[in-house]
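Breakdown of the fold
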Amino acid sequence: MTSVKETSNKKGLQLSQLAGKLGPLLGLILLIVIVTIMNPGFLEPLNILNLLRQVSINALLAFGMTFVILTGGIDLSVGSILALSSAIVANLMLSGLDPILAIIVGVLLGGIMGMMNGLMITKGKMAPFIATLASMTIFRGLTLVYTNGNPITGLGDSMAFQLFGRGYFLGIPVPAITMMITFAILWVILHKTSFGRKTYAIGGNEKAALVSGIKVDRVKIMIYSLAGMMAALAGAILTSRLNSAQPTAGDSYELDAIAAVVLGGTSLTGGRGLIIGTLIGALIIGVLNNGLNLLGVSSFYQMVVKGVVIVIAVLIDRKKSA
């Protein structure tokens, strides 16, 4: 018979696991309550819709980053991939290519750039931090060379392109709809396919995954390619919103993406995390930024607050892993 102590320990473990899963959601709810108390205007429909539009870009970057971090890796190049793919999309549009085709080409190019990261890490045996730090610098430099350091403007008046970043469908911002559709697709891939199981296996124990027959290098290359595609898709949305491609676009966006993943409960050591947690993490950062703006807090202090929140999230993650 199971002793009372063992039963109590099991219940305690189950409660701890439940708290770990619900932690990000409870944190988001608490943050919304605090911001609303301090500024009731936060819950105005127009502000909420604007918040969802703003969150969509970071969320897309963070979705790709989730797969990367689940394998125990990191990708510092997503902001630079966003910038370079955006510049190429804008230039293709100026050349007369249909905007939707230009976006598709941009997303594919983003995938190729991500694949280069994967090849450096798997075939070049480079640490993910070093490989993506190098590619971040390379892609940012190529963006500045490609644009000559100037914004690409005059992208035309294509209704489809305008809707992609600025439009509404049934009263909901199109970027937010794009974010949710992408989330649904990636949720299925991560939690309902063999590719997702392999992703978790690599992050849990890469050597064991290799011994069990998983083609680790191939999976990693595909994951970094996915992260590049998500960055390019986010870049297309940003370009549509601004109606221009800025050579400095995406600067430091990789930090917000990593923060969203960590705040969502994904372990930096890999093998543990949920993509819905990443979505909640992106919302936490979005609510934090939006709330601080509504309260008139200086952008300098906003950086400090965001940094403190990230430190707390990492400390909690380390405590869970201990």
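As a reminder, the structure under discussion sits directly above these lines.
It should be emphasised that the depicted structure is a prediction, and the values quoted were computed from it without experimental measurement. (Residues numbered from 1 in each chain as written. Predicted model: local features only at pLDDT ≥ 70, side-chain atom pairs only at ≥ 80, totals over all residues. Heavy atoms only, no water.)

**Quick notes on the overall build of the chain**
Rule in force here: Put simply, DSSP H or I for four residues or longer makes a helix, DSSP E for two residues or longer makes a strand, and each gets a number counted from the N terminus. Note on method: radius of gyration uses C-alpha positions; expected globular size equals 2.2 Å times residues raised to 0.38. Exposure classes here rest on a 1.4 Å probe applied to the protein chains alone. A residue is buried below 20% of its type maximum, exposed above 50%, and partly exposed in between. Here a residue-residue contact requires only that any non-hydrogen atoms of the pair lie within 4.5 Å. Exposure was quantified through the Shrake-Rupley algorithm and a 1.4 Å probe, taking into account, for residues, occlusion by the shown protein chains and nothing else.
Secondary structure assignment for the chain yields 13 helices and two strands. Taking 20 Å as the expected radius of gyration for a compact globule of 322 residues, we find that the chain reaches 20 Å, a close match to that expectation. Projected onto its principal axes, the C-alpha positions of the chain cover 75 × 55 × 35 Å. Taking all 322 residues of the chain together, 46% fall into the buried category. For the chain, the proportion of contacts with a sequence separation of at least 24, taken over those separated by at least 6, is 78%. For the chain, the accessible area works out to roughly 15700 Å², and carbon and sulfur atoms hold 69% of it.

**Quick look at the packing of helix α7 (residues 174-192) against helix α10 (residues 216-242)**
Applied cut-off: Here an angle of 0 to 180 degrees is reported between the N-to-C directions of two axes, which are lines fitted to C-alpha atoms, with helices fitted over the stretch in contact. Roughly parallel means an angle under 35 degrees; roughly antiparallel means over 145; roughly perpendicular covers 65 to 115; every other angle is labelled oblique. It is the rotation of the near helix from the far one that decides the hand of a crossing: anticlockwise by less than a right angle makes it left-handed, clockwise makes it right-handed.
Remark: α7 packs on α10, axes separated minimally by 11 Å, with the N-to-C direction vectors making an angle of 165°. Looking at the two axes, α7 sits roughly antiparallel to α10. For α7 against α10, the interelement crossing comes out right-handed. Residues Pro175, Thr178, Thr182 and Leu186 of α7 lie in contact with α10, whose contacting residues are Leu226, Met230, Leu233 and Ile237.

**Focus: a nonpolar patch on the surface**
Put simply, the test is: Two distance rules govern patches: like charges are joined within 9 Å, and nonpolar side chains (Val, Leu, Ile, Met, Phe, Trp, Tyr) within 5 Å, applied only to residues with over 30% relative accessible area and no salt bridge. One speaks of a salt bridge when a side-chain nitrogen belonging to Lys or Arg is within 4 Å of a carboxyl oxygen belonging to Asp or Glu.
On the surface, Leu22, Leu25, Leu26, Ile29, Leu30, Val33, Ile34, Ile37, Met38 and Leu295 cluster together into a nonpolar patch covering about 910 Å² of accessible area. The residue leucine 25 is located in helix α1 (residues 4-38) in this model.

**Regarding the packing of aromatic side chains**
Going by this rule: When the centres of two rings from Phe, Tyr and Trp lie within 6.5 Å, Trp using its six-membered ring, the rings pair. Their planes under 30 degrees apart give stacked, over 60 give edge-to-face, and anything left gives tilted. Note on geometry: a ring has a charge over it if NZ (lysine) or CZ (arginine) is within 6 Å of the ring centre and within 35 degrees of the ring normal.
Evaluated as defined, the whole model comprises two aromatic pairs. Ring geometry for phenylalanine 63 against phenylalanine 183: centres 5.9 Å apart, planes inclined by 45°, an arrangement best described as tilted. Of the two residues, phenylalanine 63 sits in helix α2 (residues 45-70) while phenylalanine 183 sits in helix α7, which places them 120 residues apart along the sequence. With relative accessibility at 0%, the residue phenylalanine 63 sits in the buried group. For phenylalanine 183, a relative accessible area of 12% gives the class buried. Sitting over the ring of tyrosine 168, arginine 53 keeps its end group 4.8 Å from the ring centre.

**A look at the packing of helix α11 (residues 253-263) against helix α12 (residues 275-294)**
We apply this condition: Only Asp, Glu, Lys and Arg are considered charged, only Ala, Val, Leu, Ile, Met, Phe, Trp, Tyr, Cys and Pro nonpolar, and every remaining residue, Gly among them, polar.
One way to put it is that α11 packs onto α12 with a least axis distance of 7 Å and a crossing angle of 120°. Compared by their axis directions, α11 and α12 come out oblique. Here the hand of the crossing between α11 and α12 comes out right-handed. The residues of α12 that touch α11, namely those facing Asp256, Ala259, Ala260, Val261 and Leu263, are Gly277, Thr278, Gly281, Ala282, Ile284 and Ile285. Partitioning the contact of α11 with α12 into residue classes produces seven nonpolar, three polar and one charged.

**Things to note about a positive patch on the surface**
Rule in force here: None of His or the chain ends enter the tally, which takes Lys and Arg as positive and Asp and Glu as negative. The atom standing in for a charge is NZ when the residue is Lys, CZ when it is Arg, CG when it is Asp and CD when it is Glu.
A surface patch of positive charge is lined by Arg197, Lys198, Lys215 and Arg218. The residue lysine 198 is located in helix α8 (residues 194-204) in this model.

**Remarks on the environment of leucine 76**
Mapping leucine 76 onto the fold places it in the loop between α2 and α3 (78-94). For leucine 76, a relative accessible area of 10% corresponds to the buried category. Sequence separation between leucine 76 and asparagine 47 is 29 residues, and the spatial gap between their C-alpha atoms is 30 Å. Excluding anything up to four places from it in sequence, leucine 76 contacts Phe129, Thr132, Leu133, Met136, Glu254 and Ile258.

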